[in-house]
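# Observations on the model geometry
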Amino acid sequence: MSKSKMVKISDISKDSDKLTSVAVEDLMPLPGDFEDKEWDEIPEETREQYACILDDVNILQIPLPKTTKEEEELVNKFINGMRKLFTKEDNWTFLTLLETTMEYCAKCNTCSDSCHLFEASGENEMYRPNYRTEIFRRIYKKYVKEEPLSKWRNGDVDLNWRTVARIGELAYRCNICRRCAQTCPIGADNALVAREIRKIFSQEMGIATPELHKSGSMLQLQYGSSTKMNKLIVRDNIDFIDEDFSEETGYEFKTPWDVEGADILLIHNAGEIMAWPENIAAFSIIFQAAGISWTLSSDLAAYDSINYGVFYDDVQFARTAILQAQAATRLGVKKIVLGECGHAHKALTVIADRVLPEPLKIPRESCFPILRDIVMSGKIKFDPERNNFPVTLHDPCNITRLMGIIKPQRDIVKKLCPQFREMNPHGPFNYCCGGGSGYAIMSRNNIPEWRFKITGRKKLSQILDAFSDCRGSEMKKYVCAPCSNCKGQIRDIFKRYDLFEKEQLAYGGLVELIVNAMVDVNPGYIKWGEEY
Amino acid sequence: MSQAVYLIAYLAIIVFISAVIKRIVHYIRSPLHVRWEIYPVAHDSKRASYGGGYLEEVDWWKKERNVSLIGELKVMIPEILFLKTVWENNRPLWYITYPFHLGLYLTIAFFALLIIGAIAQLSGVAAGPKVPLLMSTVMALTNLIGPVGFILAIIGAAGLIYKRLTNPGLRNYSTFSHFFNLILFIVTMGIAILTWLFIDPTFILARAFIVNLISFNISQINSSLFLLQVLLAVLTIAYIPLTHMSHFFMKYFLYHDIRWGDEPNINTPETDKKIGVVLNYPVSWSAPHIAGHGKETWAEVATFNPVAEPETGKEKVDE
Ligand code: SF4
Ligand code: SF4
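First things first, this report covers the structure right here in the doc. (Residues numbered from 1 in each chain as written. Chains lettered and ligands numbered in written order. Predicted model: local features only at pLDDT ≥ 70, side-chain atom pairs only at ≥ 80, totals over all residues. Heavy atoms only, no water.)

## As for the overall build of chain A
In plain terms, the rule: By definition, any uninterrupted DSSP run of H or I lasting at least four residues is a helix, any uninterrupted run of E lasting at least two residues is a strand, and each is numbered from the N terminus. Any residue under 20% of the maximum accessible area for its type is buried, any over 50% is exposed, and the rest in between are partly exposed; the area is computed with a 1.4 Å probe on protein chains only. By the convention used here, residues are in contact when the closest approach between their heavy atoms is within 4.5 Å. Note on areas: these come from Shrake-Rupley sampling with a 1.4 Å probe, and a residue is covered only by the protein chains present in the view. His residues and chain termini do not enter the charge count, which takes Lys and Arg as positive and Asp and Glu as negative. Lysine's charge is taken at NZ, arginine's at CZ, aspartate's at CG and glutamate's at CD.
Secondary structure summary: chain A contains 24 helices and eight strands in total. Reported as C-alpha extents along the three principal axes, the dimensions of chain A are approximately 70 × 55 × 45 Å. Relative to its 532 residues, chain A shows a buried fraction of 71%. Partitioning the contacts of chain A with sequence separation of at least 6, the portion at a separation of at least 24 is 78%. Counting only carbon and sulfur atoms, one obtains 49% of the accessible surface of chain A, whose full area is about 16,700 Å². Positive and negative side-chain charges of chain A, numbering 69 and 77 respectively, have mean locations separated by a distance of 5 Å.

Here it is in structure tokens:
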């Protein structure tokens, strides 16, 4: 291990400009000719305002303390928050899970190799899944649990403002994909620790990334969507999508709104409306063609499935989930179906399951099973020849590893895409796209550069490997990524490395592939390169 | 001195049992936690093979779940017996940690056989010149399994110390207690081997000690080496559940309740009741979007929207 990659636990509190830096030559090689440059500097004004002392990137904006008093305040607030984190009142949601990870980790590092960030960074110690956990654990045992002889038994760490600032930032060096937790022989969960640290900063210290909080969950609570679309704008936009795509596809359809007593309330990630309207249209076309009784809702937060609280804040999480369930109850629908958004799937279906009280217990399910049933039912006529190009399937972590929805989407692509090929590994063992836990929507300063170099590197490598028999610009290829955040990440990384042109790659959801193969729709629903 | 050792042995057993119970009770009594499962979920008999779950079905709440204990055992048994996850994800460590764990398993089996032998002796089954075949097998196995277990544990523990010292990745996370624990095993097992070699080659003394423990017969122990062995063994037994090594039984909960905890809140009034309890817990988080709005419980905080109310009001007027 080279010296620059080796970071000691005690380094976290050191009076130094940076804890570490990932050198370009240490990055995991990609299959092909890819060039990465040195890190862009974090802008001066950011460095003056915020604590940028971890590495070459700044994600969480922790105000840089200017006086000893401010330094002390930062430490005290953090430790106060940490104490609350270990009480059942303030953290009933995750206390048991957190405590078990604190107590039973054997520090065996079996989880290390499963982490795509650790691998992509050339095994930089900071990215080892257990690194942040171990620091957090030592602080917990010494200052919160106050175990006798803790320094001797559990190892020591110096708690100063640098430790706090670095551990906060370090909580944002993880995709919370939980691949590491999947490989832990004990059942400990380093991903959870990253999220719990984010919670201390958000719930106690009022420090969260602006993309997730101020322009994310708060906008959703205020306007109904982090896109800032209120109900009038969102209905206008969808009307426009209906018209536009009815014309383009030659298939007349109308998206229903606020239909009381419909069987299904479909909730999209509203980001799709702006960035991928073809996804919204495809759902409407398929549901209409299959004769499904369904509706969208124009209630607050019920036309945007996002729930960024999942990434950083339990209170924001609960607020959003409750609003969505309330909307469904008001309409009297039989169930909520979630559109192609991974974190929204997990938030409302799985996590909210033990948060929603009895009157709001409306059944919730993923869109993939119903799409599979529609495709297999014979209600819609398909011509798989229209999808006769190489297709691979990205598995969003939240839908696969964390919800166990593996087969429905495969049944569909296997039926409709003659040249389907899996990535390796896939299904519950997939790798995160690199946008997970909120990064896909972050484009501040050099964050995108970090998403390309580190978090998205493994996924890019997997995609290229899946198409190893048809590389280059000769053949059109499609990456099916049925999740808005994953699509955002994949789009950005393709753009960065010019892969739309160099590899004739297109990306999109699953419903686009379905509509592309529908006989009743004009051919060419999916577009490549300049066709966009 | 002998009396003191017996007393310590009883105390150690009490500490062991209380510490195990305390950890389990603490876990069971902890509040409801949210679902946080990871697939494959082993008990889904229909889908675990490819990592799927019941959420793959339309209207999943109307359908039977396939919860199979066999499915869990199919994962748990190789995991416990062979440390399968380490084999798959950390092979270099497995070659060292497996002998260590196998050594401990054999030592546990050795204790179990000793106890069986002791009970047989107390009940008269193993007394007299004609020992039944089953009992002589138990005794032969005790004689074999004990020393093999001690040796494997020593080799594994020494290997782990070496690995923790020389592998920079592991070194970073290895604390004094790791080395202390491993050395404790080496010393305890080492003394056990010496006792076996020089004092108690067929574990007659060991079995007699257990017979005495069970029957509260505090009799004299003449060998100081044997005394030392008993002392180290019981202290190690008492020490294990006080440390992270308690993962050997807590792993059940981490797997069964967390990793595979996919039970949905459908027809589970017990869960609804628990949700009612936790939603009434007070919230003391201080960030501005949570505190300062006069909302005290989770239910109040979670149903309060700090920013939207005026906006929705306006929208209603607009319409
Ligand atoms: S989290 Fe699990 S795999 Fe990782 S170091 Fe701890 S015990 Fe080992
Ligand atoms: S959750 Fe994913 S990104 Fe985070 S440490 Fe684990 S494997 Fe790495």
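## Observations concerning the site of ligand 2
Residue and element names in this part refer to chain A. So the rule is basically this: One heavy atom within 4 Å of a molecule or strand is enough for the residue carrying it to be called near that molecule or strand. Note that Gly is not counted as nonpolar here; it falls among the polar residues with everything else outside the nonpolar set of Ala, Val, Leu, Ile, Met, Phe, Trp, Tyr, Cys and Pro and the charged set of Asp, Glu, Lys and Arg.
Close to ligand 2 lie Cys115, His116, Leu117, Pro129, Cys174, Asn175, Ile176, Cys177, Arg178, Arg179, Cys180 and Ala191, which account for all nearby residues. When residues of the shell around ligand 2 are traced back to their parent elements, those giving at least two are α5 (116-120) and α9 (179-183). Residues of the shell around ligand 2, tallied by class, amount to eight nonpolar, two polar and two charged.

## Observations concerning the site of ligand 1
By nearness alone, 13 residues border ligand 1, and A:Cys105, A:Ala106, A:Cys108, A:Cys111 and A:Cys184 come closest of all. The class makeup of the residues in the shell around ligand 1 is eight nonpolar, four polar and one charged.

## Thoughts on the interface of chain A and chain B
Definition in use: Buried area: the sum, over both parts, of the accessible surface (1.4 Å probe) that disappears when the two are put together. By definition here, a salt bridge exists when the distance from a side-chain nitrogen of Lys or Arg to a carboxyl oxygen of Asp or Glu is within 4 Å.
Listed per partner, the contact involves 100 residues of chain A and 82 residues of chain B. Buried area between chain A and chain B, both sides added, is near 8,200 Å², and the carbon and sulfur share of it is 60%. Taken as a group, A:Trp92, A:Tyr104 and A:Arg354 account for 11% of the area that chain A buries against chain B, more than any other trio of residues on that side. If you look at where chain A meets chain B, you find three salt bridges. Note that A:Lys335 is salt-bridged to B:Asp59, the shortest N-O span being 2.7 Å. Here the side of chain A that touches chain B is built from residues that sort into 45 nonpolar, 22 polar and 33 charged.

## Structural notes on the sheet that holds strand β8 (residues 505-508) of chain A
Residues and elements named next belong to chain A. Put simply, the rule is: By definition, two strands form a pair when at least two bridges between them are found by DSSP. Axes here mean lines fitted to C-alpha atoms, for a helix over just the part in contact, with angles spanning 0 to 180 degrees between N-to-C directions.
The strand order across the open sheet formed by four strands is β6-β5-β7-β8, and the pairing between neighbours is parallel. Each having just a single partner strand, β6 (420-421) and β8 make up the two edges of the open sheet. Inspection of the sheet shows strand β7 (residues 477-480) paired to β8 by four bridges, in the parallel sense. Across the sheet, the residue bridging to Val479 is Tyr507, located in β8. Those strands touched by helix α22 (residues 484-496) are β7 and β8, and its axis lies near 165 degrees from that of β8.

## Describing the nonpolar core
This is how the line gets drawn: Only buried residues count toward a nonpolar core. Its members are Ala, Val, Leu, Ile, Met, Phe, Trp, Tyr and Cys residues joined through side-chain atoms within 4.5 Å.
In this structure, A:Phe78, A:Met82, A:Phe86, A:Phe136 and A:Trp450 are the most contacted members of the largest nonpolar core, which totals 118 residues. It is helix α16 (residues 314-331) of chain A that contributes the most residues to this core, eight residues altogether. Core analysis: the second largest hydrophobic core is formed by 63 residues, A:Ala290, A:Ile374, A:Val511 and B:Val58 among them.

## A word on the side chain of B:Arg23
Along the polypeptide, B:Arg23 turns up in helix α1 (residues 2-29). Summary of buried charges: B:Arg23 has no salt-bridge partner, and the nearest side chain of opposite charge, A:Glu103, is 4.1 Å away. In contact with B:Arg23, other than residues within four places in its own chain, are A:Glu103, A:Tyr104, B:Pro241, B:Leu242, B:Thr243, B:Ser246, B:Phe249 and B:Met250.

## Thoughts on the pattern of salt bridges
Side chains that carry opposite charge are capable of pairing whenever their charged atoms lie near each other. Tallying each qualifying case throughout the model produces 62 salt bridges over all chains. Of the charged contacts, one joins A:Arg162 and A:Asp15 as a salt bridge, the two residues approaching to 2.9 Å between their closest N and O atoms. Of this pair, A:Arg162 sits in helix α8 (residues 161-170) while A:Asp15 sits in the segment before α1 (44-49), and the two are 147 residues apart along the sequence. You can call A:Arg162 buried: its relative accessible area is 17%. Assessed through its relative accessible area of 62%, A:Asp15 is described here as exposed. B:Asp44 is the partner of B:Arg47 in a salt bridge, and the nearest nitrogen-oxygen pair spans 3.2 Å. In terms of burial, B:Arg47 and B:Asp44 fall into one category: buried.

## Some points on the sheet that holds strand β1 (residues 264-267) of chain A
Residues and elements named next belong to chain A. With parallel pairing, four strands are arranged side by side in an open sheet as β2-β1-β3-β4. Among the strands making up the open sheet, the edge pair consists of β2 (294-295) and β4 (364-366). Here strand β3 (residues 335-338) runs beside β4; their pairing, made up of three bridges, is parallel. Opposite Ile336, over in β4, you have Arg364 as the bridge partner. Strand contacts of helix α17 (residues 342-350): β1, β3 and β4, with the helix running at about 155 degrees to β3, the strand carrying the most contacts.

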